[in-house]
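Listed below, chain by chain, are the residues.
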Amino acid sequence: THIAVHSLKDVPVVFPDGLVLAAICSREDVRDAMLSEKYAKFEDLPGGARVGTTSLRRKMQLLAMRPDLEIISLRGNVQTRLRKLKEGEFDAIILAMAGVNRLNLRSEVAHIVPFELDQMVPAMGQGALGIEARDDAEILNLIEFLKDEKAVIETTVERDFVAMLEGGCQVPIGVNANLNGDKIEIRAVVGLPDGSESIRENIVAQKSEWKSVGAKLGRIFIGRGAKELLKRAEEMANI
């Protein structure tokens, strides 16, 4: 195998020797979305509604907005998840808009409601495809054309932030960078899976700072106690 294509949000921030993250393709919609057969808006969910997601990042932010919800683990591929929704196991499920768009799910579900970025901060790399390759000049040259500058800049900021916090994919961390002209707007959140405590920051940086600002924001979070919070989050998740 010369290359492998991944959803970037599942790609670790550190690679084994001999392998590199060779290209990041242009990004789909980065947002999370609520899918429901019965409820047209998140606010319409009744008290105690059953919401399906396995992501601790989503669970943390859902419960911060609505502590009354019952968040239930939802596994399986997208079709399995949709079937469970349609069979009434859940009042709503949460998926990435990128998947909804790529799989043309709009006609399959009555209500698909994207969350605004200030409501639900996405995962690092959400909506982007990452191409992993052998560290071989010939291969890297061949796939150079797949690189998207905007996606590279945004996801580098996000991945550097997570790397600074040493957060794996099993801890509740949301981070999104949005390059607009010569400014990068960055939103980040870390917290406990039950939504009871979190640290949030929104900052705007210059585009020229893209190689350093992710780590810089990570250090700000560490100064505010993020490592201790994530340690508690991990313990809570493993109970």
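Above this note sits the structure.
Small disclaimer: the values here were computed from a predicted structure and weren't measured.

Visitor: Which residues make up the nonpolar core, and what are the values?
Guide: Within the largest apolar cluster, 25 residues are counted, with the highest numbers of intra-cluster contacts made by F161, L165, I173, I186, V190 and F221. With five residues, helix α5 (residues 149-165) is the largest single contributor of residues to this core. Leaving out residues up to four positions away in the same chain, F221 has contacts with F161, L165, A188, V189, V190, I199, R200, E201 and A226.

Visitor: Account for helix α2 (residues 78-86), naming residues and giving values.
Guide: Since the α-helix advances by 3.6 residues per turn, residues separated by three or four positions end up pointing in the same direction. Of all the residues in α2, the buried ones are L82, K84 and L85. For α2, the arc enclosing every buried residue in end-on projection is 160 degrees, short of the 170-degree limit, so these residues lie on one face. Each element contacted by the buried residues of α2 is listed here: β3 (32-36) and β6 (92-96). The backbone nitrogen of Q79 has a side-chain oxygen 3.2 Å away, supplied by the residue at the start of α2, namely N77.

Visitor: Explain the packing of aromatic side chains to me, and be specific about the residues and the numbers.
Guide: Applying the stated criterion across every chain, the model contains two aromatic pairs. Seen in terms of ring centroids, F42 and F115 are 5.3 Å apart; in terms of plane orientation they differ by 70 degrees. Their pairing is edge-to-face. With F42 in the loop between β3 and β4 (50-52) and F115 in the loop between β7 (111-114) and β8 (129-134), this residue pair connects regions lying 73 residues apart in the sequence. Aromatic pair F161 and F221: ring centres 5.0 Å apart, planes at 85 degrees, arrangement edge-to-face. With F161 in helix α5 and F221 in helix α6 (residues 213-223), this pair connects stretches of sequence that are 60 residues apart. In this structure, F161 and F221 share a single accessibility class: buried. Above the ring of F42, the side-chain terminus of R66 is found at 5.9 Å from the ring centroid.

Visitor: Quick rundown of the packing of α5 against α6? Include the residues and the values.
Guide: Packing of α5 against α6 brings their axes to within 7 Å, and their N-to-C directions diverge by 35 degrees. Along this stretch, α5 crosses α6, giving a crossing that reads as right-handed. Along the contact surface, α5 presents V157, D160, F161, M164 and L165, while α6 presents V213, G214, A215, L217, G218, R219, F221 and I222. Of the residues that constitute the contact of α5 with α6, the class distribution is nine nonpolar, two polar and two charged.

Visitor: Explain the pairing of strand β9 (residues 173-180) residue by residue, including any values.
Guide: Within β9, six of the eight residues are buried, leaving the element largely enclosed by the surrounding structure. Sheet topology note: the β9/strand β10 (residues 183-191) ladder contains eight bridges and is antiparallel. The partner of N180 across the bridge, within β10, is K183. Count of turn residues in the β9/β10 antiparallel hairpin: two residues, of which G181 carries a positive phi of about 65 degrees.

Visitor: A description of the sheet that holds β7 should follow, citing residues and the corresponding values.
Guide: Pairing is mixed in the open sheet, where five strands are placed in the order β5-β4-β6-β3-β7. Both edges of this open sheet fall to β5 (70-72) and β7, since each of them pairs with a single strand only. Between one strand axis and the next, the sheet turns through 30 degrees on average, direction left out of account. On the sheet, helix α1 (residues 56-65) packs against β3, β4, β5 and β6 and is oriented at approximately 130 degrees with respect to β6. Lying over the sheet, α2 contacts β3 and β6, oriented at roughly 160 degrees with respect to β6.

Visitor: Describe the sheet that holds strand β2 (residues 19-24), listing the residues and the values that go with them.
Guide: Strand order in the open sheet formed by three strands is β1-β8-β2, and the pairing between neighbours is antiparallel. Looking at strand neighbours, the two that pair on one side only are β1 (3-7) and β2, the edges of this open sheet. Shown here is a sheet whose adjacent strand axes are inclined to one another by a mean of 30 degrees, direction ignored. Note that β2 and β8 share five bridges and pair antiparallel. Of the residues in β8, the one forming a bridge with A23 is I131.

Visitor: Provide a residue-level description of the pattern of salt bridges, including the pertinent values.
Guide: Taken as a whole and assessed by the stated rule, the structure comprises 21 salt bridges. Among the ionic pairs, D32 bridges to R57, the shortest N-O distance being 2.9 Å. One end of the pair, D32, is in strand β3; the other, R57, is in helix α1, and 25 residues separate them in sequence. Exposure remark for R57: the relative accessible area of 5% places this residue in the buried category. For R58, the salt bridge goes to D32, with nearest N and O atoms at 2.7 Å. A residue pair is termed long-range when its members are at least 10 positions apart, and R58 in helix α1 and D32 in strand β3 qualify at 26 residues. One salt-bridge network, held together by shared partners, links R27, K150, E154 and E158.

Cut-offs used in this document
Residues numbered from 1 in each chain as written. Predicted model: local features only at pLDDT ≥ 70, side-chain atom pairs only at ≥ 80, totals over all residues. Heavy atoms only, no water. Core = buried A, V, L, I, M, F, W, Y, C linked by side-chain atoms within 4.5 Å. Buried < 20%, exposed > 50% of the residue type's maximum accessible area, 1.4 Å probe, protein only. Helix = DSSP H or I, 4+ residues; strand = E, 2+ residues; numbered from the N terminus. Contact = heavy atoms within 4.5 Å. Arc of directions from axis to C-beta. Polar contact = N/O pair within 3.5 Å; in protein donor to acceptor, adjacent residues only side chain to side chain. Phe/Tyr/Trp six-rings, centres within 6.5 Å; stacked < 30°, edge-to-face > 60°. Lys NZ or Arg CZ within 6 Å of the ring centre and 35° of its normal. Axes fitted to C-alpha atoms, helices over the stretch in contact; angles between N-to-C directions. Left-handed = near helix turned anticlockwise from the far one by under 90°. Nonpolar A, V, L, I, M, F, W, Y, C, P; charged D, E, K, R; others polar. Pairing = 2+ DSSP bridges. Salt bridge = Lys/Arg side-chain N within 4 Å of Asp/Glu carboxyl O.

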